[in-house]
Amino acid sequence: DTAVSQTPKYLVTQMGNDKSIKCEQNLGHDTMYWYKQDSKKFLKIMFSYNNKELIINETVPNRFSPKSPDKAHLNLHINSLELGDSAVYFCASSQDQAGGRKLFFGSGTQLSVL
Amino acid sequence: SQQGEEDPQALSIQEGENATMNCSYKTSINNLQWYRQNSGRGLVHLILIRSNEREKHSGRLRVTLDTSKKSSSLLITASRAADTASYFCATPYSSASKIIFGSGTRLSIRP
């Protein structure tokens, strides 16, 4: 009964390949996010969707394309993978509410580009 | 850009001692959150403090917020081995839905 689940947990691939990471939340939240955590543990927001609509798109190479088929799903497709894309990618969700949004995170996808 | 900076970057204490970590941020906020990340896991929300609150408690956690200094602190009392983790502060930045994280404090509890 995982609240935010993402697959796969580990992804090892060659430079130049295309890969996808899937995320699903069963919390009924309106907003979903992708974050990237580098080797120094810095966590950087990449994208945010609210009810399937893109609302945040940070300075991310256009090789990264998020897709939200419905508000419970937010997938991340990465084209032409580069060595620098190696990181842990976290999906998260939150409910719109006054006073602050608490994020619920998935367990992460560790991407290694060789 | 990083909104929050945490201090110290790493902290090692004896089990049973108290652990204090600090977060400074740059812009005005209406709330600040703290999260914990165990090794190899996702972040878990610990506590949210609103800008009109100065202090908040949750179990062994105590969070303070000083909006005049743009800083917050997280105190964990009577630390346990299970508290070993990285701790991050998080704030909204330019919009409520853009939540950005500090650099984190790695806390190690020695038995």
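Residues numbered from 1 in each chain as written. Chains lettered and ligands numbered in written order. Predicted model: local features only at pLDDT ≥ 70, side-chain atom pairs only at ≥ 80, totals over all residues. Heavy atoms only, no water.

Engineer: What should I look at first to understand the interface of chain A and chain B in this one?
Structural biologist: One frequent convention defines the size of an interface as the accessible area lost when the parts assemble. Between chain A and chain B, the residue contacts involve 23 residues of the former and 22 residues of the latter. Interface area, chain A with chain B, both sides summed: about 1800 Å², of which 57% is carbon and sulfur. Between chain A and chain B we count one salt bridge in total. Here B:Lys98 makes a salt bridge to A:Glu58, at a shortest N to O gap of 3.0 Å. Connecting chain A to chain B are five residue pairs in polar contact (both at pLDDT 80 or more). Of all elements in the fold, only β4 (31-37), β5 (43-50) and β6 (53-57) of chain A reach the threshold of two or more residues within the side of chain A that touches chain B. Of the residues in the side of chain A that touches chain B, the class split is eleven nonpolar, six polar and six charged. (Contact = heavy atoms within 4.5 Å. Buried area = accessible area lost by both parts, 1.4 Å probe. Salt bridge = Lys/Arg side-chain N within 4 Å of Asp/Glu carboxyl O. Polar contact = N/O pair within 3.5 Å; in protein donor to acceptor, adjacent residues only side chain to side chain. Helix = DSSP H or I, 4+ residues; strand = E, 2+ residues; numbered from the N terminus. Nonpolar A, V, L, I, M, F, W, Y, C, P; charged D, E, K, R; others polar.)

Engineer: Would you explain the environment of A:Met15 in this entry?
Structural biologist: Residue and element names in this part refer to chain A. By the secondary structure assignment, Met15 is in the loop between β2 (10-13) and β3 (19-25). Considering only alpha carbons, one finds Met15 and Asp85, 70 residues apart in sequence, at a separation of 9.5 Å. Those residues in contact with Met15 that lie beyond four places of it in its chain are Leu81, Glu82, Leu83, Val113 and Leu114.

Engineer: What should I look at first to understand the sheet that holds strand β8 (residues 73-78) of chain A in this one?
Structural biologist: The pairing of strands in a sheet comes from backbone hydrogen bonds and takes either a parallel or an antiparallel form. Residues and elements named next belong to chain A. One open sheet accounts for four strands, arranged β1-β3-β8-β7; its pairing is antiparallel. Of all the strands in the sheet, the pair left with one neighbour each is β1 (4-7) and β7 (64-70). Taking the axes of each pair of neighbouring strands and ignoring which way they run, one obtains an average angle of 15° across the sheet. As paired strands, β1 and β3 are joined by four bridges and run antiparallel to one another. Bridged to Val4 within β3 is Gln25. (Pairing = 2+ DSSP bridges. Axes fitted to C-alpha atoms, helices over the stretch in contact; angles between N-to-C directions.)

Engineer: Explanation requested: the nonpolar core in the structure shown.
Structural biologist: Side chains of nonpolar character tend, in soluble globular proteins, to be buried together. B:Met21, B:Leu32, B:Trp34, B:Leu74, B:Ile76, B:Tyr87 and B:Leu107 are the most contacted members of the largest nonpolar core, which has 21 residues in total. Elements supplying a minimum of two residues to this core: β3 (19-25), β4 (31-37), β5 (43-50), β7 (61-66), β8 (71-76), β9 (85-92) and β11 (105-110) of chain B. By residue number, the principal contributor to this core is β3(B), which donates four residues. Other than its neighbours up to four places away in sequence, B:Ile76 contacts B:Glu17, B:Asn18, B:Ala19, B:Met21, B:Arg60, B:Leu61, B:Asp83, B:Tyr87 and B:Leu107. Ranked by size, the runner-up nonpolar core spans 20 residues in total, among them A:Leu11, A:Met46, A:Tyr49 and A:Val113. (Core = buried A, V, L, I, M, F, W, Y, C linked by side-chain atoms within 4.5 Å. Buried < 20%, exposed > 50% of the residue type's maximum accessible area, 1.4 Å probe, protein only.)

Engineer: Please clarify how the packing of aromatic side chains should be interpreted in this entry.
Structural biologist: For any pair of aromatic rings, the description consists of the separation of the ring centres together with the inter-plane angle of the planes. Using the criterion set out here, one finds eight aromatic pairs over all chains in the structure. Judged by centre distance (5.7 Å) and plane angle (50°), the ring pair of A:Tyr35 and A:Phe105 falls under tilted. With A:Tyr35 in strand β4 and A:Phe105 in strand β10 (residues 104-105), the pair connects residues that are 70 residues apart, well separated along the chain. Classification of A:Tyr35 as buried rests on a relative accessible area of 0%. Taken together, the ring pairs in this structure connect A:Tyr33, A:Tyr35, A:Phe90, A:Phe105, B:Tyr35 and B:Phe101 into an aromatic cluster. (Phe/Tyr/Trp six-rings, centres within 6.5 Å; stacked < 30°, edge-to-face > 60°.)

Engineer: Is there a simple way to think about the state of the cysteines in this case?
Structural biologist: Where two cysteines share a covalent bond between their sulfur atoms, that bond is called a disulfide. Residues and elements named next belong to chain A. Following the criterion strictly, the structure yields two disulfides over all chains and no others. Bridging Cys23 to Cys91, the disulfide has an S-S length of 1.8 Å. Taking the torsion about the sulfur-sulfur bond, which here is approximately -80°, the covalent link between Cys23 and Cys91 counts as left-handed. One end of the pair, Cys23, is in strand β3; the other, Cys91, is in strand β9 (residues 87-94), and 68 residues separate them in sequence. In this pair, the class of Cys23 matches that of Cys91, namely buried. (Disulfide = S-S within 2.5 Å.)

Engineer: Sorry if this is basic, but what is going on with the side chain of A:Gln37 here?
Structural biologist: By secondary structure assignment, the location of A:Gln37 is in strand β4. Among the polar contacts listed, one links the side chain of A:Gln37 to the backbone oxygen of A:Lys41, at a separation of 3.1 Å. When near neighbours in sequence (up to four residues on either side) are disregarded, A:Gln37 contacts A:Phe42, A:Leu43, A:Ala87, A:Val88, A:Phe90, B:Gln37 and B:Phe88.

Engineer: Which parts of the structure should I look at to understand the pattern of salt bridges?
Structural biologist: Charged atoms that come close allow side chains of opposite charge to pair. Counted according to the given criterion, the structure contains six salt bridges over all chains. Across the pair B:Glu55 and B:Arg62 runs a salt bridge, and its minimum N-O distance is 3.2 Å.

Note that all results are geometric; they support no functional claim without further evidence.
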